[in-house]
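Residue strings, one per chain:
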Amino acid sequence: MTPKISQFLSQKNPSTPCLVVDIDEVELRYRAMQAALPAARIYYAVKANPARPLLDRLVFLGSCFDAASWEEVDLCLSAGARPENISFGNTVKKVSAIKAAYDAGVRLFVFDCVEELEKLARFAPGSRVYCRLLVNNHGAEWPLSRKFGTTPESARTLMLRARELGLDPYGISFHVGSQQLSADAYEVAIAQAGSLLADLAADGLRLRMVNLGGGFPIQYRDDVPGIAHFGQVISRAMKIHFGETLPEILVEPGRFIVGSAGVVSTEVVLVSQRGRDEGPRWVYLDIGRFGGLAETEGEAIRYMIRTARDGEEVSSVALAGPTCDGADILYEKSCYTLPVTLEAGDRVEILATGAYVSTYCSTRFNGFAPLAEHYI
Ligand SMILES: *Cc1c(COP(=O)(O)O)cnc(C)c1O
């Protein structure tokens, strides 16, 4: 937690649950990413957190943006981003969204199949397009399954088709899965992109760009490799697989830029042994799966939890949210412990919750208000 956030929480005592994001920390993270990958252009993945103060700061810093819908494109534009700095990075786009983005001046679009390519040729004629490869998400704590991306063989055919359709075949992208702990995942994907670009060059088509996607991890409960390590592995892999004539490099970090800049402040609603001698105490917080902590699904993302009683004796707990849904459990298997004196009314802070929390919040399930947000 940054000093600014702890000062805000102690002085303002905002009602819970709420998310507090330190915008200066976002800037530090952006600059750390730039330093680790100086050759890459940063397209912030808006879906991680689309709050206006955050977009304003990123526009000020010269960031580009990866948008997944017309609504996200529009948010970036209204924050002052120029259309040429926006990539429409969702492989699944409504025709109305393609049209609206094109009319607003966006000229960079992703696709992963011929049907979407034909939509782009018709409704975004002449645009730069890049094809998304399906790559292994092994090592990612929040993988993207097989929903997106295509094979290198099909990408090769599709890029040649893009040229026939009057589009500008620009590059290749991939996403190695979110909260990716292994830099090797990038290396393997870069190797695939390298041989695909070489094959296409042999076909007489020279692509100019490789988009490495997002996935860069942040520290939750367990340690992760630092961004400098990812920078080194990626830079080396790019040199090995592309030689001296490097293509333009794009990255689309979301979690890395904003995750560790946010803290959720929550209140303990109930602590109970539930009549059992054995087993953990159950600790119910005023935020759960439906209040924004959706990435606790399968206990995939294990947040760090702070209380005012840290340092006292602890015992094991199960953690759950406040709703009447049986799925609203945060952690039962991940061996969480909390102070034995913890009681209803205590405040508890959930760290590194700046990404993929505010937008995952449900709308008034059980009547609970949406997560309040403070950008400081
Ligand atoms: C979600 C997403 C990102 C951001 O991923 P992070 O793991 O948050 O860095 C980047 N690119 C695309 C296409 C995405 O869908």
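The sections below set out a description of the structure shown in this document.

Cut-offs used in this document
- Residues numbered from 1 in each chain as written.
- Predicted model: local features only at pLDDT ≥ 70, side-chain atom pairs only at ≥ 80, totals over all residues.
- Heavy atoms only, no water.
- Helix = DSSP H or I, 4+ residues; strand = E, 2+ residues; numbered from the N terminus.
- Rg over C-alpha atoms; globule rule 2.2 N^0.38 Å.
- Contact = heavy atoms within 4.5 Å.
- Areas by Shrake-Rupley, 256 points an atom, 1.4 Å probe, with all protein chains shown as cover.
- Lys, Arg positive; Asp, Glu negative; His and termini not counted.
- Charge placed at Lys NZ, Arg CZ, Asp CG, Glu CD.
- Expected span 1.5 Å × (residues − 1).
- Near = heavy atom within 4 Å.
- Polar contact = N/O pair within 3.5 Å; in protein donor to acceptor, adjacent residues only side chain to side chain.
- 1 Å grid on protein atoms, 1.4 Å probe; cavity = no way out; pocket = protein on both sides within 12 Å on 5 of 7 lines; lining within 4 Å.
- Sits in = over half its atoms within 2 Å of the grid points.
- Nonpolar A, V, L, I, M, F, W, Y, C, P; charged D, E, K, R; others polar.
- Phe/Tyr/Trp six-rings, centres within 6.5 Å; stacked < 30°, edge-to-face > 60°.
- Buried < 20%, exposed > 50% of the residue type's maximum accessible area, 1.4 Å probe, protein only.
- Lys NZ or Arg CZ within 6 Å of the ring centre and 35° of its normal.
- Axes fitted to C-alpha atoms, helices over the stretch in contact; angles between N-to-C directions.
- Parallel < 35°, antiparallel > 145°, perpendicular 65-115°, else oblique.
- Left-handed = near helix turned anticlockwise from the far one by under 90°.

Within the protein one finds 10 helices and 18 strands. For the protein, the C-alpha radius of gyration of 22 Å lies close to 21 Å, the compact-globule estimate for 376 residues. If one aligns the C-alpha atoms of the protein with their principal axes, the spans along those axes are about 70 × 40 × 35 Å. Contacts in the protein between residues at least 24 apart in sequence constitute 71% of all its contacts with a sequence separation of at least 6. Surface accessibility of the protein: about 16,000 Å² in total, with carbon and sulfur atoms responsible for 51%. Of note, the protein has its 38 positive side-chain charges centred 5 Å away from the centre of its 45 negative side-chain charges.

Helix length check: helix α8 (residues 184-202), at 19 residues, gives a terminal C-alpha distance of 27 Å against a target of 27 Å (1.5 Å per residue), a fit within 8%. As for α8, its buried residues are in contact with α7 (152-164), β8 (168-173), β9 (178-180), β10 (209-211) and α9 (227-242). At the exit of α8 stands glycine 204, carrying a positive phi of roughly 90°.

What surrounds the ligand is a group of 14 residues, the closest being Lys47, Ser178, Glu252, Arg255 and Tyr356. Side-chain polar atom of lysine 47 to an oxygen atom of the ligand: 2.8 Å apart, as the coordinates give it. With respect to the ligand, the backbone of arginine 255 contributes an N or O atom lying 2.8 Å from an oxygen atom. Protein chains shield 92% of the accessible area of the ligand, which is 390 Å² for the free molecule. The cavity that encloses the ligand is the largest pocket. Among the residues making up the shell around the ligand, the classes are represented as three nonpolar, six polar and five charged.

A separate point is unusual backbone geometry. The omega torsion of the bond from threonine 16 to proline 17 falls at -5°, within 30 degrees of zero and hence cis. By the element assignment, proline 17 lies in the loop between α1 (3-12) and β1 (18-21).

Enumeration over the complete set of coordinates arrives at nine aromatic pairs. Ring centres 6.1 Å apart and planes at 80° place the aromatic pair phenylalanine 216 and phenylalanine 230 in the edge-to-face group. One end of the pair, phenylalanine 216, is in the loop between β10 and α9; the other, phenylalanine 230, is in helix α9, with 14 residues separating them in the sequence. For the pair shown, phenylalanine 216 and phenylalanine 230 are each scored as buried. Relative to phenylalanine 365, the ring of phenylalanine 290 has its centre 4.8 Å away and its plane inclined at 55°; by these criteria the two rings are tilted. Here the residue phenylalanine 290 occupies a position in the loop between β13 (281-285) and β14 (305-307), and phenylalanine 365 occupies one in the loop between β17 (347-351) and β18 (372-375), the gap between them amounting to 75 residues. Residue phenylalanine 365 is classed as partly exposed on the basis of its relative accessible area of 30%. Taken together, the aromatic side chains of Tyr186, Phe216 and Phe230 make up a single cluster linked through ring pairs. In this arrangement the basic side chain of arginine 107 is found over the ring face of tyrosine 102, its NZ or CZ atom lying 3.7 Å from the centre. Against the face of tryptophan 282 rests arginine 274, its NZ or CZ located 4.9 Å from the ring centre.

Moving on, we come to the side chain of serine 127. Secondary-structure assignment places serine 127 in the loop between α6 (114-123) and β6 (128-132). Here alanine 124 takes part through its backbone oxygen, which lies 2.9 Å from a polar atom of the side chain of serine 127. Excluding anything up to four places from it in sequence, serine 127 contacts Tyr102, Val106, Arg107, Phe109, Leu167 and Asp168.

As a further point, take the environment of leucine 205. Considering the arrangement of structural elements, one finds leucine 205 in the loop between α8 and β10. For leucine 205, a relative accessible area of 7% corresponds to the buried category. Taking the C-alpha atoms as reference, leucine 205 lies 49 Å from isoleucine 350; in sequence the two are 145 residues apart. Excluding anything up to four places from it in sequence, leucine 205 contacts Met159, Leu160, Arg163, Pro169 and Leu200.

Take the environment of cysteine 113 next. Residue position: cysteine 113 is located in the loop between β5 (108-111) and α6. With 36 residues separating them along the chain, cysteine 113 and glycine 149 place their C-alpha atoms 8.2 Å apart.

Where helix α2 (residues 23-36) contacts helix α3 (residues 52-61), the axes come no closer than 10 Å and their chain directions differ by 40°. On the basis of the axis angle, α2 is oblique to α3. Crossing hand, α2 versus α3: right-handed. Taking contact as the criterion, the partners of Ile23, Asp24, Val26, Glu27, Tyr30 and Arg31 in α2 are, on α3, Pro53, Leu54, Arg57, Leu58 and Leu61. Of the residues in the contact of α2 with α3, the class split is seven nonpolar, no polar and four charged.

What follows concerns the packing of helix α5 (residues 95-103) against α6. Interhelical geometry of α5 versus α6 gives an angle of 40° and a closest axis separation of 10 Å. In terms of orientation, α5 and α6 fall into the oblique class. Remark: the crossing between α5 and α6 carries right-handed chirality. On α6, the residues touching Val95, Ile98, Lys99 and Tyr102 of α5 are Glu116, Lys119, Leu120 and Phe123.

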